[in-house]
Amino acid sequence: MLRTEQLDAHYGLLQALFGVSIEVQRGEVVALVGSNGAGKTTLMRALAGALPVERQAIHLDNNAVGGDPECGQLARGVALVPEGRRLFADLSVEDNLRVAAESCDRSGPWNLSTLFDALPALADVRRRNATALSGGQQQLVAVARALATNPDYLLCDEVSLGLSPVAVQAVYDLLHRVSANGTAVLLVEQNVSRALAESSRFYCLQKGRVVLSGTSRHADTQQVAHAYFGS
Ligand SMILES: Nc1ncnc2c1ncn2[C@@H]1O[C@H](COP(=O)(O)OP(=O)(O)OP(=O)(O)O)[C@@H](O)[C@H]1O
Ligand SMILES: [Mg+2]
(Lines give C-alpha, C1' and ligand atoms only; values in the text may rest on other atoms or scores of the structure.)
(Ligands and ions follow the chains in the order given, each with its own letter.)
Protein backbone atom coordinates (compact mmCIF):
# COMPACT_ATOMS: atom_id res chain seq x y z
CA MET A 1 0.00 0.00 0.00
CA LEU A 2 1.15 3.55 -0.78
CA ARG A 3 -0.02 6.10 1.75
CA THR A 4 0.68 9.57 2.98
CA GLU A 5 0.37 10.52 6.62
CA GLN A 6 -0.11 14.16 7.48
CA LEU A 7 1.94 15.17 4.45
CA ASP A 8 3.04 18.80 4.26
CA ALA A 9 4.84 20.15 1.18
CA HIS A 10 6.46 23.50 0.51
CA TYR A 11 7.90 25.49 -2.35
CA GLY A 12 10.29 27.71 -0.47
CA LEU A 13 8.14 29.76 1.91
CA LEU A 14 4.89 28.74 0.22
CA GLN A 15 3.14 25.79 1.82
CA ALA A 16 1.25 23.83 -0.86
CA LEU A 17 0.02 20.77 1.09
CA PHE A 18 -1.28 20.71 4.66
CA GLY A 19 -1.57 17.41 6.55
CA VAL A 20 -2.68 15.33 3.56
CA SER A 21 -3.46 11.68 4.36
CA ILE A 22 -4.44 9.39 1.51
CA GLU A 23 -3.91 5.75 0.65
CA VAL A 24 -3.85 3.70 -2.54
CA GLN A 25 -3.96 -0.10 -2.60
CA ARG A 26 -2.69 -2.30 -5.41
CA GLY A 27 -5.31 -2.91 -8.08
CA GLU A 28 -7.35 0.18 -7.16
CA VAL A 29 -8.08 3.16 -9.37
CA VAL A 30 -8.20 6.25 -7.16
CA ALA A 31 -9.02 9.73 -8.45
CA LEU A 32 -7.66 13.00 -7.15
CA VAL A 33 -9.78 16.03 -8.00
CA GLY A 34 -9.60 19.70 -7.12
CA SER A 35 -9.49 23.09 -8.80
CA ASN A 36 -6.41 24.81 -10.24
CA GLY A 37 -3.70 25.21 -7.63
CA ALA A 38 -5.34 22.81 -5.16
CA GLY A 39 -2.12 20.81 -4.83
CA LYS A 40 -2.83 17.75 -7.00
CA THR A 41 0.44 17.88 -8.93
CA THR A 42 2.35 18.65 -5.76
CA LEU A 43 0.94 15.52 -4.12
CA MET A 44 1.81 13.39 -7.16
CA ARG A 45 5.34 14.80 -7.25
CA ALA A 46 5.81 14.18 -3.54
CA LEU A 47 4.70 10.56 -3.97
CA ALA A 48 7.05 10.14 -6.93
CA GLY A 49 10.00 11.45 -4.92
CA ALA A 50 10.34 14.75 -6.77
CA LEU A 51 9.86 16.98 -3.71
CA PRO A 52 11.62 17.11 -0.36
CA VAL A 53 9.13 16.01 2.32
CA GLU A 54 9.35 14.46 5.80
CA ARG A 55 10.42 10.84 5.76
CA GLN A 56 7.45 9.67 7.86
CA ALA A 57 4.95 11.46 5.61
CA ILE A 58 5.02 8.79 2.87
CA HIS A 59 4.86 5.05 3.48
CA LEU A 60 5.23 2.30 0.94
CA ASP A 61 4.32 -1.13 2.27
CA ASN A 62 4.97 0.23 5.77
CA ASN A 63 8.43 1.59 4.97
CA ALA A 64 8.85 5.33 5.46
CA VAL A 65 10.13 6.67 2.13
CA GLY A 66 9.21 10.38 2.12
CA GLY A 67 11.88 12.56 0.53
CA ASP A 68 13.68 9.68 -1.22
CA PRO A 69 14.68 10.64 -4.76
CA GLU A 70 12.69 9.79 -7.87
CA CYS A 71 15.03 6.99 -8.91
CA GLY A 72 14.51 5.39 -5.47
CA GLN A 73 10.73 5.56 -5.84
CA LEU A 74 10.92 4.17 -9.39
CA ALA A 75 13.01 1.27 -8.15
CA ARG A 76 10.37 0.59 -5.49
CA GLY A 77 7.62 0.60 -8.10
CA VAL A 78 6.17 4.12 -8.02
CA ALA A 79 6.08 5.72 -11.50
CA LEU A 80 4.71 9.11 -12.52
CA VAL A 81 3.15 10.12 -15.84
CA PRO A 82 3.79 13.86 -15.42
CA GLU A 83 1.48 16.73 -16.23
CA GLY A 84 2.31 17.83 -19.79
CA ARG A 85 3.84 14.41 -20.59
CA ARG A 86 7.47 15.57 -20.84
CA LEU A 87 8.49 13.04 -23.46
CA PHE A 88 12.13 12.93 -24.53
CA ALA A 89 11.67 15.17 -27.56
CA ASP A 90 14.66 14.04 -29.60
CA LEU A 91 13.97 10.34 -29.19
CA SER A 92 11.76 7.93 -31.09
CA VAL A 93 8.77 6.31 -29.42
CA GLU A 94 10.77 3.13 -29.00
CA ASP A 95 13.75 4.92 -27.46
CA ASN A 96 11.49 6.79 -25.01
CA LEU A 97 10.31 3.40 -23.74
CA ARG A 98 13.79 1.88 -23.85
CA VAL A 99 15.33 4.66 -21.75
CA ALA A 100 12.66 4.14 -19.09
CA ALA A 101 12.99 0.36 -19.13
CA GLU A 102 16.77 0.58 -18.79
CA SER A 103 16.58 3.16 -16.00
CA CYS A 104 15.15 0.59 -13.68
CA ASP A 105 15.70 -3.15 -13.46
CA ARG A 106 12.33 -4.17 -12.08
CA SER A 107 10.90 -7.32 -13.56
CA GLY A 108 7.25 -7.63 -14.51
CA PRO A 109 4.91 -8.04 -17.44
CA TRP A 110 6.05 -5.00 -19.42
CA ASN A 111 8.88 -4.80 -21.91
CA LEU A 112 9.09 -3.25 -25.38
CA SER A 113 7.49 -6.25 -26.98
CA THR A 114 4.52 -6.56 -24.58
CA LEU A 115 3.96 -2.79 -24.63
CA PHE A 116 3.78 -2.71 -28.42
CA ASP A 117 1.54 -5.78 -28.42
CA ALA A 118 -0.82 -4.02 -26.01
CA LEU A 119 -0.68 -0.75 -27.95
CA PRO A 120 -0.64 -1.56 -31.68
CA ALA A 121 -1.21 2.11 -32.54
CA LEU A 122 2.22 2.83 -31.04
CA ALA A 123 3.86 -0.16 -32.68
CA ASP A 124 3.03 1.36 -36.07
CA VAL A 125 4.90 4.57 -35.23
CA ARG A 126 7.65 3.14 -33.02
CA ARG A 127 10.49 4.66 -35.05
CA ARG A 128 8.98 8.13 -35.27
CA ASN A 129 10.03 11.02 -33.08
CA ALA A 130 7.73 10.86 -30.04
CA THR A 131 6.80 14.53 -30.07
CA ALA A 132 5.81 14.39 -33.77
CA LEU A 133 2.77 12.26 -32.90
CA SER A 134 -0.80 13.33 -32.17
CA GLY A 135 -1.60 14.37 -28.59
CA GLY A 136 -3.44 11.11 -27.97
CA GLN A 137 -0.55 9.01 -29.22
CA GLN A 138 1.92 11.07 -27.18
CA GLN A 139 -0.14 10.46 -24.07
CA LEU A 140 -0.10 6.72 -24.72
CA VAL A 141 3.69 6.94 -25.07
CA ALA A 142 3.88 8.78 -21.75
CA VAL A 143 1.83 6.08 -20.00
CA ALA A 144 3.75 3.31 -21.76
CA ARG A 145 7.04 4.90 -20.71
CA ALA A 146 5.95 4.74 -17.07
CA LEU A 147 4.71 1.17 -17.53
CA ALA A 148 8.10 0.19 -18.95
CA THR A 149 9.44 0.46 -15.39
CA ASN A 150 6.90 -2.19 -14.27
CA PRO A 151 5.36 -0.10 -11.50
CA ASP A 152 3.08 -1.32 -8.72
CA TYR A 153 1.75 2.25 -8.44
CA LEU A 154 1.10 4.35 -11.53
CA LEU A 155 0.52 8.06 -10.88
CA CYS A 156 -1.17 9.85 -13.79
CA ASP A 157 -1.37 13.64 -13.77
CA GLU A 158 -4.04 15.02 -16.14
CA VAL A 159 -3.66 12.32 -18.76
CA SER A 160 -6.82 13.32 -20.63
CA LEU A 161 -6.13 17.05 -20.92
CA GLY A 162 -6.56 18.38 -24.46
CA LEU A 163 -7.26 14.97 -26.03
CA SER A 164 -10.13 14.01 -28.33
CA PRO A 165 -12.88 11.85 -26.78
CA VAL A 166 -11.58 8.82 -28.70
CA ALA A 167 -8.03 9.41 -27.46
CA VAL A 168 -9.26 9.89 -23.87
CA GLN A 169 -11.08 6.58 -24.11
CA ALA A 170 -7.94 4.84 -25.38
CA VAL A 171 -5.92 6.15 -22.43
CA TYR A 172 -8.54 5.10 -19.87
CA ASP A 173 -8.91 1.68 -21.51
CA LEU A 174 -5.18 1.22 -21.00
CA LEU A 175 -5.33 2.38 -17.36
CA HIS A 176 -8.13 -0.08 -16.61
CA ARG A 177 -6.16 -2.92 -18.18
CA VAL A 178 -3.21 -1.93 -16.02
CA SER A 179 -5.27 -1.87 -12.84
CA ALA A 180 -6.88 -5.23 -13.69
CA ASN A 181 -3.34 -6.64 -13.70
CA GLY A 182 -2.83 -5.52 -10.09
CA THR A 183 -1.14 -2.14 -10.54
CA ALA A 184 -2.69 0.69 -8.55
CA VAL A 185 -3.60 3.80 -10.52
CA LEU A 186 -3.81 7.22 -8.88
CA LEU A 187 -5.14 9.72 -11.38
CA VAL A 188 -5.60 13.45 -11.44
CA GLU A 189 -8.52 14.41 -13.66
CA GLN A 190 -10.01 17.86 -14.25
CA ASN A 191 -13.34 16.44 -15.37
CA VAL A 192 -15.03 15.45 -12.11
CA SER A 193 -17.73 13.24 -13.59
CA ARG A 194 -15.10 11.43 -15.62
CA ALA A 195 -12.87 11.10 -12.54
CA LEU A 196 -15.72 9.52 -10.56
CA ALA A 197 -16.73 7.27 -13.47
CA GLU A 198 -13.20 5.91 -13.93
CA SER A 199 -12.30 5.34 -10.26
CA SER A 200 -13.43 3.28 -7.31
CA ARG A 201 -12.50 5.90 -4.70
CA PHE A 202 -11.69 9.60 -4.78
CA TYR A 203 -10.09 12.39 -2.78
CA CYS A 204 -10.92 16.04 -3.29
CA LEU A 205 -8.21 18.58 -2.52
CA GLN A 206 -8.88 22.23 -1.85
CA LYS A 207 -6.12 24.72 -1.06
CA GLY A 208 -3.73 21.92 -0.15
CA ARG A 209 -6.09 19.97 2.12
CA VAL A 210 -8.24 16.88 1.63
CA VAL A 211 -11.76 18.22 2.09
CA LEU A 212 -13.76 15.21 0.90
CA SER A 213 -13.12 11.56 0.11
CA GLY A 214 -15.19 8.47 -0.48
CA THR A 215 -16.45 5.81 -2.85
CA SER A 216 -16.80 7.18 -6.36
CA ARG A 217 -19.96 5.28 -7.24
CA HIS A 218 -21.83 6.70 -4.25
CA ALA A 219 -20.45 10.19 -4.47
CA ASP A 220 -22.95 13.01 -4.34
CA THR A 221 -21.88 15.14 -7.33
CA GLN A 222 -23.21 18.33 -5.75
CA GLN A 223 -21.21 17.66 -2.62
CA VAL A 224 -18.11 16.97 -4.73
CA ALA A 225 -18.67 20.17 -6.76
CA HIS A 226 -18.98 22.11 -3.50
CA ALA A 227 -15.76 20.58 -2.16
CA TYR A 228 -14.04 21.16 -5.51
CA PHE A 229 -14.82 24.84 -5.80
CA GLY A 230 -15.04 25.57 -2.11
CA SER A 231 -18.21 27.55 -2.56
N1 LIG B 1 7.39 25.05 -8.76
C2 LIG B 1 6.60 25.79 -7.96
N3 LIG B 1 7.09 26.85 -7.27
C4 LIG B 1 6.32 27.57 -6.45
N5 LIG B 1 5.02 27.34 -6.23
C6 LIG B 1 4.47 26.32 -6.88
C7 LIG B 1 5.22 25.48 -7.78
N8 LIG B 1 4.39 24.53 -8.28
C9 LIG B 1 3.19 24.76 -7.74
N10 LIG B 1 3.24 25.82 -6.90
C11 LIG B 1 2.09 26.36 -6.10
O12 LIG B 1 1.65 25.30 -5.26
C13 LIG B 1 0.22 25.27 -5.21
C14 LIG B 1 -0.28 23.93 -5.70
O15 LIG B 1 0.04 23.79 -7.08
P16 LIG B 1 -0.19 22.44 -7.89
O17 LIG B 1 0.53 22.59 -9.19
O18 LIG B 1 0.15 21.29 -7.05
O19 LIG B 1 -1.77 22.48 -8.13
P20 LIG B 1 -2.70 21.59 -9.06
O21 LIG B 1 -3.84 21.13 -8.21
O22 LIG B 1 -1.90 20.55 -9.74
O23 LIG B 1 -3.24 22.66 -10.11
P24 LIG B 1 -3.60 22.49 -11.68
O25 LIG B 1 -4.99 21.97 -11.73
O26 LIG B 1 -3.51 23.90 -12.20
O27 LIG B 1 -2.60 21.58 -12.32
C28 LIG B 1 -0.25 26.46 -6.04
O29 LIG B 1 -0.44 27.54 -5.16
C30 LIG B 1 0.91 26.72 -6.97
O31 LIG B 1 0.96 28.08 -7.35
MG1 LIG C 1 -1.51 20.12 -11.69
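My aim in this report is to walk through the structure given alongside it, one point at a time. Along each chain, residue indices are assigned from 1 in the same order as the chain's sequence is written. Numbering of ligands from 1 and lettering of chains from A proceed in the order in which they are written. Totals for whole chains, interfaces and linings use all residues, but because this is a predicted model, local features are given only for residues with pLDDT of at least 70 and pairs of side-chain atoms are given and counted only at 80 or more. By convention in this description, side-chain values take in all heavy atoms of the structure and omit both hydrogens and water.

### Quick notes on the site of ligand 1
Thinking step 1. If a single non-hydrogen atom of a residue is within 4 Å of a molecule or strand, that residue counts as near it. Residues in contact with ligand 1 amount to 14 residues; listed here are only the nearest, Gly37, Lys40, Thr41, Thr42 and Glu83.
Thinking step 2. Side-chain atoms alone can form a polar contact between residues adjacent in sequence; in general such a contact is a pair of N or O atoms within 3.5 Å, and within protein one must be able to donate a hydrogen while the other accepts it. With respect to ligand 1, the backbone of Ala38 contributes an N or O atom lying 3.2 Å from an oxygen atom.
Thinking step 3. Interatomic distance of 2.8 Å between a side-chain N/O atom of Thr41 and an oxygen atom of ligand 1.
Thinking step 4. Here the Shrake-Rupley method, with its probe set to 1.4 Å, supplies the accessible areas, and only the displayed protein chains count as covering residues. Notes on ligand 1: free accessible area 640 Å², of which the protein chains cover 61%.
Thinking step 5. Ranked by residue count, the leading element in the shell around ligand 1 is helix α1 (residues 40–47), at 3 residues.
Thinking step 6. Throughout this entry, Asp, Glu, Lys and Arg are counted as charged residues, while Ala, Val, Leu, Ile, Met, Phe, Trp, Tyr, Cys and Pro are counted as nonpolar. The remaining residues, Gly among them, count as polar. Residues of the shell around ligand 1, tallied by class, amount to 4 nonpolar, 7 polar and 3 charged. Secondary structure follows DSSP: runs of H or I at least 4 residues long count as helices, runs of E at least 2 residues long count as strands, and numbering of each begins at the N terminus.

### Points about the packing of aromatic side chains
Think of a pair of aromatic rings as described by two things: how far the centres are apart, and how the planes are tilted against each other in angle.
Thinking step 1. Two rings belonging to Phe, Tyr or Trp (six-membered ring only in the last case) form a pair when the distance between their centres is within 6.5 Å. Interplanar angles under 30 degrees mark stacking, angles over 60 mark edge-to-face geometry, and anything in between is tilted. Counting across every chain of the model gives 0 aromatic pairs.
Thinking step 2. A cation sits over an aromatic face here: Arg145 above Phe88, 4.8 Å from the ring centre.
Thinking step 3. Two thresholds decide whether a charge sits over a ring: the Lys NZ or Arg CZ must be within 6 Å of the ring centre and within 35 degrees of the ring normal. Looking at Arg209, its charged tip hangs above the ring of Phe18, at a distance of 4.2 Å from the centre.

### Focus on the environment of Thr221
Thinking step 1. Its location among the elements puts Thr221 in helix α9 (residues 221–229).
Thinking step 2. In the structure, Thr221 is positioned 75 residues away from Ala146 in sequence and 31 Å away in space, judged by C-alpha atoms.

### Comments concerning the environment of Gly27
Thinking step 1. Structurally, Gly27 can be placed in the loop between β4 (23–24) and β5 (29–33).
Thinking step 2. For Gly27 and Asp152, which are 125 residues apart along the polypeptide, the C-alpha to C-alpha distance reads 8.6 Å.
Thinking step 3. Contact definition: two residues touch when any of their heavy atoms are within 4.5 Å. Those residues within four positions of Gly27 in sequence are excluded, and the remaining contacts are Ser179, Gly182, Thr183 and Ala184.

### Structural notes on helix α3 (residues 93–102)
Thinking step 1. Buried within α3 are the following residues: Val93, Glu94, Asn96, Leu97 and Ala100. For α3, the angular spread of buried residues about the axis comes to 160°, placing them on one side.
Thinking step 2. Tucked inside the fold, the buried residues of α3 contact α4 (112–118), α5 (120–123) and α6 (135–147). Each residue's exposure class comes from its accessible area (1.4 Å probe, protein chains only) as a fraction of the maximum for that residue type: buried when under 20%, exposed when over 50%, partly exposed otherwise. In this description, one arc is meant: the one made by directions from the helix axis to the C-beta atoms.

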